[in-house]
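# Geometric and topological summary
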Amino acid sequence: MAGKKHKDLQAKKAVTGYLFILPFIIGFLAFMIVPLIESLRMSFSNVVVGAGNGGFVMKYIGIANYVKAFTVDPDFNRWLTEELTRMAIQVPTTLVVSFFMALLLNQSFKGRGLVRAIFFLPVILSSGVLVGLEYNNSLLAGMQDYIQKNTQSTNITAVLEEILSNSGFGHRFLEGVFSIVNNVYNVVIASGIQIIIFLSGLQTISKSMYEAAIIEGCTAWESFWKITLPMVSSVILVNVIYTIIDFFMKTDSRIMNKITETMISKMDYGFSSAMAWSYFVAVILIIGVFSAITSRWVYYYE
Amino acid sequence: MNKKIRERWKDAIERNRKSGGYLLKKTVSRKTYQILRAILLFGLCFLILQPLLNKISVSFMKENDLYDPTIIVVPRNFTTENYRLVSHLISFWKALANSIGISTMASVIQVAFCTIVGYGFARFKFPLKRFWFACVLLVIIVPPQTIMSSLYLNFRFFDIFGIFKLMLGHSLNLQNSVIPYILLCMTGMGLKSGLYIFLIRQYFRGIPKELEEAAYVDGCGNFSTFLKIMLPDATPILTSCFLFAFVWQWTDSYYSKMFVGNITLLSNRLTAITSLLTDYLQVINGTGSKPSIAYGQMMISTGMIMAIIPLLLIYIVAQKGFVESLSQSGLKM
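Residues numbered from 1 in each chain as written. Chains lettered and ligands numbered in written order. Predicted model: local features only at pLDDT ≥ 70, side-chain atom pairs only at ≥ 80, totals over all residues.

### Considerations on the overall build of chain A
In terms of regular secondary structure, chain A is built from 13 helices and 2 strands. Looking at chain A as a whole, 28% of its 302 residues are labelled buried. Contacts in chain A between residues at least 24 apart in sequence constitute 71% of all its contacts with a sequence separation of at least 6. (Helix = DSSP H or I, 4+ residues; strand = E, 2+ residues; numbered from the N terminus. Buried ≥ 20, exposed ≤ 12 C-beta atoms within 10 Å, placed from the backbone. Contact = placed C-beta atoms within 7 Å.)

### Here's the deal with the overall build of chain B
Secondary structure summary: chain B contains 17 helices and 0 strands in total. Computed over its C-alpha atoms, the radius of gyration of chain B comes to 28 Å, more than 25% above the 20 Å expected for a compact globule of 333 residues. In chain B, buried positions account for 35% of the 333 residues. Counting contacts in chain B only where the partners sit at least 6 residues apart, residues at least 24 apart contribute 73% of the total. (Rg over C-alpha atoms; globule rule 2.2 N^0.38 Å.)

### What to know about the packing of helix H9 (residues 192-203) of chain A against helix H11 (residues 220-248) of chain A
Residues and elements named next belong to chain A. Close contact between H9 and H11 brings their axes to 9 Å; oriented N to C, the two are set at 165°. Accordingly, the angle class assigned to the pair H9 and H11 is roughly antiparallel. With respect to the hand of their crossing, H9 and H11 are arranged in right-handed fashion. Only Val-232, Val-235, Val-238, Asn-239, Tyr-242 and Thr-243 of H11 make contact with H9, whose side of the interface consists of Ile-193, Gln-194, Ile-197, Phe-198, Gly-201 and Leu-202. The residue makeup of the contact of H9 with H11, split by class, is 8 nonpolar, 4 polar and no charged. (Axes fitted to C-alpha atoms, helices over the stretch in contact; angles between N-to-C directions. Parallel < 35°, antiparallel > 145°, perpendicular 65-115°, else oblique. Left-handed = near helix turned anticlockwise from the far one by under 90°. Nonpolar A, V, L, I, M, F, W, Y, C, P; charged D, E, K, R; others polar.)

### Digging into helix H16 (residues 273-285) of chain B
In this model H16(B) runs 18 Å from its N-terminal to its C-terminal C-alpha over 13 residues, within 8% of the 18 Å that 1.5 Å per residue would give. Just downstream of H16(B), Gly286(B) is the residue with a positive phi angle, here 85°. (Expected span 1.5 Å × (residues − 1).)

### Description of the environment of Pro23(A)
The residue Pro23(A) is located in helix H1 (residues 2-43) in this model. Non-local contacts of Pro23(A), meaning those with residues more than four positions away in its chain, are made with Phe113(B), Ile116(B), Val117(B), Met186(B), Thr187(B) and Gly188(B).

### Re the domain arrangement of chain B
Residues and elements named next belong to chain B. Its domain assignment divides chain B into domain 1 (2-59) and domain 2 (81-328). Listed as interface residues are 4 residues of domain 1 and, on the opposing side, 7 residues of domain 2. The residue inventory of the side of domain 1 that touches domain 2, partitioned by class, reads 2 nonpolar, 1 polar and 1 charged. (Domains from an automatic or database assignment.)

### Considerations on the nonpolar core
All names here are of chain B. Val-117, Tyr-196, Ile-200, Cys-241 and Ala-245 are the most contacted members of the largest nonpolar core, which has 119 residues in total. Here this core gets 12 residues from one element, more than from any other, and that element is helix H5 (residues 92-123). The residues contacting Ala-245, other than those within four sequence positions of it, are Ala-106, Ser-107, Gln-110, Val-111 and Tyr-196. (Core = buried A, V, L, I, M, F, W, Y, C linked by C-beta atoms within 7 Å.)

### Overview of the packing of helix H13 (residues 269-295) of chain A against helix H7 (residues 144-156) of chain B
In contact at an axis separation of 7 Å, H13(A) and H7(B) are set at 150° when each is read in the N-to-C sense. In terms of orientation, H13(A) and H7(B) fall into the roughly antiparallel class. Every residue of H7(B) that contacts H13(A) at Tyr269(A), Ser272(A), Ser273(A), Ala276(A), Trp277(A) and Phe280(A) is listed here: Gln145(B), Thr146(B), Ser149(B) and Leu153(B). When the residues that make up the contact of H13(A) with H7(B) are grouped by side-chain class, the tally is 5 nonpolar, 5 polar and no charged.

### What to know about unusual backbone geometry
Residues and elements named next belong to chain B. Of note, the phi angle at Leu-128 is positive, near 65°, even though the residue is not glycine. Of note, the phi angle at Lys-192 is positive, near 60°, even though the residue is not glycine. Along the chain, Lys-192 turns up in the loop between helix H9 (179-186) and helix H10 (193-206). Overall, the presence of 21 C-beta atoms within 10 Å leaves Lys-192 in the buried class.

### Comments concerning the interface of chain A and chain B
Each partner contributes to the interface: chain A provides 82 residues, whereas chain B provides 73 residues. Split by residue class, the side of chain A that touches chain B holds 57 nonpolar, 22 polar and 3 charged.

### A few points about the confidence of the model for chain A
Confidence along chain A averages 78 in pLDDT terms, with 81% of residues attaining 70 or more. Ranking the elements of chain A by mean pLDDT puts helix H6 (residues 138-151) of chain A last with 57 and helix H10 (residues 207-215) of chain A first with 89. (pLDDT = per-residue confidence, 0-100.)

### Brief notes about the environment of Phe198(A)
All names here are of chain A. Relative to the helices and strands, Phe-198 resides in helix H9. Note: C-alpha distance between Phe-198 and Thr-243 (45 residues apart in sequence) is 12 Å. Residues within four places of Phe-198 in sequence aside, it is in contact with Ser-98, Phe-99, Ala-102, Val-232, Val-235 and Asn-239.

### So, the confidence of the model for chain B
Mean pLDDT for chain B: 81, with 90% of residues reaching 70 or above. Interface confidence for the predicted complex, given as ipTM, is 0.77, next to a pTM of 0.79.

Following this line, the structure appears as structure tokens:
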């Protein structure tokens, strides 16, 4: 009798749970699964809008759209590979930098609140259209460079760069360093959310663990590798995935813009779906590979 | 006074001697570390703020100031003409009102429904829960562009199982209306809704179960427990999610381009600013006149400042709670 009642309560709870997530289920089926399948179908067909009774008609044409994307279209292939190589560099740097920043911001010092506020500012400043506009603004930077060259006024970093590259040691190496230095701004701007996620991870580590380590004679360096890193490893996994997604969905990504353009201005729904699907599959593959690598050494406490 | 300092030094030296030089080494290394950290943090903060400050200074310049190499930060010909021109070009007040309206509406609805869904995931056991949660993750991962063409056409020829067609004889055209927005936000499919569901779920999971159980024992139902006990506890994360939703909606061009292309929003006006400027100059100076690139960029900077200011105000007001709640939410996978 009691068992049955218990079961009833559970069933009731289950129903309530479903009621709570009902909006999501409806939305997921109606606005995710259906469009997903439909766009997959579109990518294999030629879409004609407004034909007949005010709807759209799909005509199956096989993989022609994909063939067009990968062999005929001049940009898609190149941009896709460029994007992938840029990601392979940017994602690890963003992760390392944001982890380092989170470590710094987790310490206590004067004016920490202000510094934190400034560091999370990019979450606002580098979103949506603002990124795209910032990207275009490189024109202005180029012009300033031009002015500077013509007026022979000096620029400390440029001079330093020149001296170093003429010093004759490790030209290749220096070039790599310069490109990283020039990229610092992009990395810092892109790592707002990652810092937040790391910070929240760092704050779940209990202080007593570090105290115990110090009593046992652990140096700060050792306790970083033996305590901090394993304890935040699950957060690292979240961050790896988030960073990859964030990178691919940036509004200034040329592929994303191309897809949107093809759809809205050229009304070529089939072709744009084909490109979007190729992009999606590439993203999924990369996330899969990265998370498989990372999850091998994720350590779960508890 | 002098004596006191001397005594303190003496004391420190004495203690250092007793510790065998350890104290001095420790203090020096700590101080060095602190100074290095301060320099690094200052540099990075400057790096983040510099473009913003630069834009502010450019927005007050006249065009010939841009070409003058001796002017770097402070404009020689201080002018607010740029602001007046930009606000005319993008019809600022109208765009601002529309942006506030749409962003507020979208983010309120979005956060409300994401909270409900997130709570459902955090606190109830039901069959297929893991499956549905995997679906939430899928929503986060799928690039919106993948489903865009289909969504676009579906809202263009909107119909639920052919009902509207039976009644009206044709499907509804929901393009250029806010209904698709509302529908998407209500069903957890809006801009980055998956992320909010995820964050809110994590937060609810961190609240002790005993609170809820006490409420149940006292005779609270499921929904009233949710409303009266759990919601007040979750205000920090709800504020941050609202802030995110608002900001991202504000700067979004993707959904607004797709659904409400005809409504004047700050985001879509901002991207069109160069062409608007060209049109404007052509009206004044006759056809064929084009703004120089630098001038266009100056206008864009001004426009960006104008679009960002409301966001900055909100951020300054909300940042304390925002930063704290996010760093204390204790994400656990």
